[in-house]
Amino acid sequence: MRAQPQASHFVDGRYVEDTAGEVFENVFSATGEVIAKLHAATDAIIEEAVASGRRAQKEWAALAPVERGRVLRRAADIIRSRNRELSELETLDTGKPIQETIVADASSGADCLEYFGGLAASLNGETIPLGRDFAYTRREPLGLCVGIGAWNYPTQIACWKAAPALAGGNAMIFKPSEMTPLCALKIAEIFIEAGAPKGLFNVVQGLGAVGAKLVSHPAVDKVSLTGSVPTGSKVYAAAAAGIKHVTMELGGKSPIIVFDDADIENAISGAMLGNFYSTGQICSNGTRVFVHRSIKERFLSRLAERTASIVLGDPRNEETQMGPLVSHAQREKVEAYIEKGKAEGARLVAGGERVAPEGLEDGAFIAPTIFADVTDDMTIAREEIFGPVMCVLDFEDEDEVVERANGTEFGLSAAVYTADLTRGHRVIGRIEAGTCWINAYNLTPVEMPFGGMKMSGVGRENGRAALEHYTQIKSVYVGLGPQDAPY
Ligand code: NDP
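Keep in mind that what you see is a predicted model, and the values were worked out from it rather than measured.

Novice: What exactly am I supposed to notice about the overall build of the chain here?
Specialist: A count of helical and extended segments in the chain gives 16 helices and 20 strands. A globule of 487 residues ought to have a C-alpha radius of gyration of about 23 Å, and the chain, at 24 Å, matches this closely. Each principal axis of the C-alpha distribution contributes one length, and for the chain these read about 80 × 60 × 40 Å. Looking at the chain residue by residue over its 487 residues, the buried ones come to 59%. In the chain, the proportion of contacts linking residues at least 24 apart, taken out of those at least 6 apart, comes to 74%. Total accessible area on the chain is roughly 18800 Å²; 52% of this is exposed by carbon and sulfur atoms.

Pasting the structure below:
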């Protein structure tokens, strides 16, 4: 098999297998070829991962922070030196084009490890003067963290969770989505090569049931999930039963607002990037594009023209700009939404059907799709589709568009395109979303906190803010005089 790993899990510094675990297949969605077969983790694997994680965490937290940071930065260097190989694997795992994975996945993971590696030694507390006495705070690790990933960015998600966790002195057990199990194993190998203690970053495979066992394990202190809102509420509830810390990176239905003074080409670039990159499988995508009525037809005709030139094909070819969806099941889900869009009266401007690049007739391809005249009540304007389907809505004035943009249970991202920067800041200030852009879209540098408001999530990844979600404060009061007591 083309991408069979040495074994399904990576625990305590080595590959391990337990053939008693349920078998699941990893499929390359461009061809339908089975590229690996893995076993879901059994209870024995989970217990081994927990025991080694707890052991490693103690050893790791006892190191000087600067030494921890050095290991993370070494891991970043190794990832960069193996970028080509890791990107090819990511392409097989997800179906995303190599043109994307070579710049956006392993390299973004490396940026994150480098950034948090640099911050590890600056996790200081504060000193609080209290007259004769004083107090100080220490930022301490939470302990053993569980990371659970979605399938769209397997390498990046593993690194975005591991880097702040490890920088803060924690250990992590990571469960990838069963659809993309391969990349996180490589990250686990790389941590060992970079000098991390065995067990510090374990990878166990499986479906939701394995994730659920990890989340409710009494020895686990924190859970960080990237996934859908329904899974998020289940995982949040299970974590609450054990009073565990959580980070929830969930779905979205984000607005991109294009005012009549915007640079249209720029706004179209943002809308295309925010709907078609990674075949539309990005949580922060701007899938509700609100365009001012006066420029709507100009916007649509140029958008359709540019969309027609997207190169769709084998994701292993450098010139391919759009690959298949992650799976055939995901394509069926997306197609059902397209049918709903048509049935509910949206105007299909582009795409809407399957495509079969030559030689890839069994792949899960779908054409980049644009609907216009979408209204707020349509299913395609309310639910997250997670595929290359852009909904264009029109609006007349600022107050109206702000209210409609906020009229969703989600609050992950938003953007405004306008030449009037005062308006840009004013409108973004009123939008209920955690990650926003003005005249840009979907840029997520590691320095900038990332996460959602409302049902889109709790906590933040990236930026200094992430460290607050992977450490806890201990306050220490220091008495410098006689103990006061009323007795
Ligand atoms: P899911 O919510 O289906 O799954 C996410 C992960 O949770 C998977 O590893 C899944 O395992 C696991 N899981 C499922 N049920 C449970 C459970 N009861 N307890 C513990 N773990 C469980 O999401 P998808 O994988 O389909 O990913 C797409 C979703 O992820 C979209 O909604 C998208 O918006 C969101 N997302 C959010 C991001 C963000 O940062 N805000 C970034 C990327 C995606 P398995 O799938 O193996 O069964």
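Here the narrative resumes, following the displayed structure.
Novice: Would you take a moment to explain the side chain of T279 for this structure?
Specialist: Relative to the helices and strands, T279 resides in the loop between α10 (264–276) and β13 (288–292). At a separation of 3.2 Å, a polar atom in the side chain of T279 contacts the main-chain carbonyl oxygen of G323. From its side chain, T279 meets the backbone oxygen of P324 in a polar contact 3.3 Å long. Filtering out sequence-adjacent residues up to four positions away, T279 remains in contact with M322, G323, P324, L325, G387 and P388.

Novice: Explanation requested: the environment of G147 in the structure shown.
Specialist: Mapped onto the fold, G147 is located in strand β7 (residues 144–148). In this structure the C-alpha to C-alpha distance between G147 and T226, which are 79 residues apart in sequence, comes to 8.2 Å.

Novice: What should I look at first to understand the sheet that holds strand β14 (residues 347–350) in this one?
Specialist: Think of a sheet as strands paired side by side through backbone hydrogen bonds, with each pair either parallel or antiparallel. The strand order across the open sheet formed by 7 strands is β14-β15-β16-β13-β12-β17-β18, and the pairing between neighbours is mixed. Pairing within the sheet leaves two strands with one partner each, and these edge strands are β14 and β18 (435–438). Within the sheet, the average angular offset between the axes of one strand and its neighbour, ignoring direction, is 20°. Sheet topology note: the strand β17 (residues 413–417)/β18 ladder contains 4 bridges and is parallel. Note that in β18 the partner of A415 across the bridge is W437. Against the sheet, helix α12 (residues 328–343) makes contact with β14, β15 (369–372) and β16 (389–395), and its axis sits at roughly 25° relative to β15, the strand it touches most. Each of β12 (255–258), β17 and β18 touches helix α15 (residues 421–430); the most contacted strand, β18, lies at about 165° to it.

Novice: Please clarify how the site of the ligand should be interpreted in this entry.
Specialist: Surveying the vicinity of the ligand reveals 28 residues, the closest of which are E178, S228, T231, L250 and E384. In this structure, T231 approaches the ligand through a side-chain N or O atom, which is 2.7 Å from an oxygen atom. Within the side chain of E249, a nitrogen or oxygen atom sits 3.4 Å from a nitrogen atom of the ligand. For the ligand, whose free accessible area comes to 900 Å², the fraction covered by protein is 86%. Of all the elements in the fold, those that place two or more residues in the shell around the ligand are α8 (208–215), β10 (222–226) and α9 (229–241). Looking at the shell around the ligand element by element, the count peaks at 3 residues for α8. For the shell around the ligand, the per-class residue count stands at 13 nonpolar, 11 polar and 4 charged.

Novice: Explain the sheet that holds strand β5 (residues 127–130) to me, please; I cannot follow it from the model alone.
Specialist: With antiparallel pairing, the 3 strands of this open sheet are ordered in space as β5-β6-β20. Each end of this open sheet is capped by a strand with a single partner; those strands are β5 and β20 (471–478). Taking each pair of neighbouring strands and ignoring which way they run, the sheet shows an average axis angle of 20°. Both β5 and strand β6 (residues 133–141) contribute to a ladder of 4 bridges, which runs antiparallel. What sits directly across from L130, in β6, is D133.

Novice: Would you mind showing me how to read α10 here?
Specialist: Note that an α-helix has 3.6 residues per turn; residues three or four places apart therefore point the same way. When the terminal C-alpha atoms of α10 are compared, their 18 Å separation across 13 residues agrees well with the 18 Å that a helix rising 1.5 Å per residue should span. Taken together, the buried positions of α10 are occupied by I264, A267, I268, G270, A271, M272, G274, N275 and F276. Buried residues along α10 sit in contact with β12, β13, α11 (296–308), β15, β16 and β17. Structurally, the start of α10 carries an N-cap: the backbone nitrogen of E265 is 3.2 Å from a side-chain oxygen of D263. Directly after α10, the chain includes S278, whose backbone phi takes a positive value near 55°.

The rules behind these values
Residues numbered from 1 in each chain as written. Predicted model: local features only at pLDDT ≥ 70, side-chain atom pairs only at ≥ 80, totals over all residues. Heavy atoms only, no water. Helix = DSSP H or I, 4+ residues; strand = E, 2+ residues; numbered from the N terminus. Rg over C-alpha atoms; globule rule 2.2 N^0.38 Å. Buried < 20%, exposed > 50% of the residue type's maximum accessible area, 1.4 Å probe, protein only. Contact = heavy atoms within 4.5 Å. Areas by Shrake-Rupley, 256 points an atom, 1.4 Å probe, with all protein chains shown as cover. Polar contact = N/O pair within 3.5 Å; in protein donor to acceptor, adjacent residues only side chain to side chain. Pairing = 2+ DSSP bridges. Axes fitted to C-alpha atoms, helices over the stretch in contact; angles between N-to-C directions. Near = heavy atom within 4 Å. Nonpolar A, V, L, I, M, F, W, Y, C, P; charged D, E, K, R; others polar. Expected span 1.5 Å × (residues − 1).

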